[in-house]
Amino acid sequence: PGQYYFLKGVGFDQLDFQSVGIDEEIIAINNISVYPNPAHTHVTIEIKEGTSFNYHIRDVLGRIVISNRVNGVRTTVNLSNNGKGIYFIEVQIGKSKRIEKLVLTK
């Protein structure tokens, strides 16, 4: 089964959507930590399951600004070269992924 995202109060029903493309598992919210958020210069990404992961940090236009593979369960990412604003961190463990919103302040 595919994962669906809904906007509250928009009036869509789950039956209005069909899964298209590759089936992906969504990482449970308690299996990943992104902190601090909001961040100033650095952010830590930590996973609770698995031994390695990939991450991509995208700006609001969807451009990848930082991307890396981590062998381990934690990494600290230097964001000091990025401008303040909203970013999205996509963490992938195998075929499972989760996207977290990150606010970068300076």
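Note on numbering: residues in each chain are counted from 1, in written sequence order. This being a predicted model, a pLDDT of at least 70 is required before a residue's local features are given, and a value of 80 or more before pairs of side-chain atoms are given or counted; all residues contribute to the totals for chains, interfaces and linings. Side-chain numbers here rest on the full set of heavy atoms in the structure, without hydrogens or water.

(A) Region of interest: the overall build of the protein. Helix and strand assignments come from DSSP, with helices taken as H or I runs of at least 4 residues and strands as E runs of at least 2, each series counted from the N terminus. The number of helices and strands found in the protein is 0 helices and 8 strands. Start at the N end of the protein and walk to the C end: the helices and strands fall as β-β-β-β-β-β-β-β. For each residue, the accessible area found with a 1.4 Å probe, counting protein chains only, is set against the maximum for its type, and the residue is called buried under 20%, exposed over 50%, and partly exposed in between. The proportion of buried residues among the 106 residues of the protein is 31%. Taking contacts inside the protein between residues at least 6 apart in sequence as the whole, the part at least 24 apart equals 47%. Total accessible area on the protein stands at roughly 7,300 Å², and carbon and sulfur atoms take up 52% of it. The criterion used for residue contact is that any of the two residues' heavy atoms lie within 4.5 Å. Per-residue accessibility takes into account occlusion by the displayed protein chains alone, with areas from the Shrake-Rupley method and a 1.4 Å probe.

(B) View of the sheet that holds strand E2 (residues 32-35). Two strands qualify as a pair provided DSSP detects at least 2 bridges between them. Judged by pairing direction, the sheet is antiparallel, and its 3 strands sit side by side in the order E2-E3-E6 without closing on themselves. Strand pairing shows two members of the sheet lacking a second neighbour, E2 and strand E6 (74-78), which therefore form its edges. Strand-to-strand twist across the sheet, computed as the mean angle between neighbouring axes with direction ignored, equals 15°. For strand E3 (residues 42-47) and E6, the ladder comprises 5 bridges, and the chain directions are antiparallel. Within the sheet, the bridge partner assigned to Thr44 lies in E6 and is Thr76. Between the N-to-C directions of two axes lies an angle of 0 to 180 degrees, each axis being a line fitted to C-alpha atoms and, for a helix, fitted only over the stretch in contact.

(C) Local environment of a nonpolar patch on the surface. Patch membership needs two things, relative accessible area over 30% and no salt bridge, and members are linked within 9 Å if like-charged or within 5 Å if nonpolar (Val, Leu, Ile, Met, Phe, Trp, Tyr). Note on definitions: salt bridges are taken to be side-chain nitrogens of Lys or Arg within 4 Å of carboxyl oxygens of Asp or Glu. Among the surface-exposed residues, Val60, Leu61, Phe88 and Ile99 lie close enough to one another that they form a single nonpolar patch of about 400 Å² accessible area. Topologically, Leu61 is positioned in the loop between strand E4 (52-59) and strand E5 (64-71).

(D) The arrangement of the environment of Ser52 in detail. One can find Ser52 in strand E4. For Ser52, a relative accessible area of 16% gives the class buried. When residues no more than four places from it in sequence are discounted, the contact partners of Ser52 are Ile47, Arg69, Val70, Asn71, Gly72 and Ile93. A polar contact of 2.9 Å, which involves the side chain of Ser52, links it to the side chain of Arg69. Under the rule applied, a polar contact is a pair of N or O atoms within 3.5 Å (in protein, one hydrogen donor and one hydrogen acceptor; residues adjacent in sequence only if both atoms are side-chain atoms).

(E) Region of the structure containing the pairing of strand E7 (residues 85-93). Note: E4 against E7, 6 bridges, orientation antiparallel. Paired with Arg58 across the strands is Phe88, a residue of E7. Relative to strand E8 (residues 96-104), E7 runs antiparallel, the two sharing 9 bridges. Looking at E8, one finds that Ile89 is bridged to Glu100. Counted along the chain from E7 to the antiparallel partner E8, the turn is 2 residues long, and its residue Gly94 has a positive phi close to 65°.

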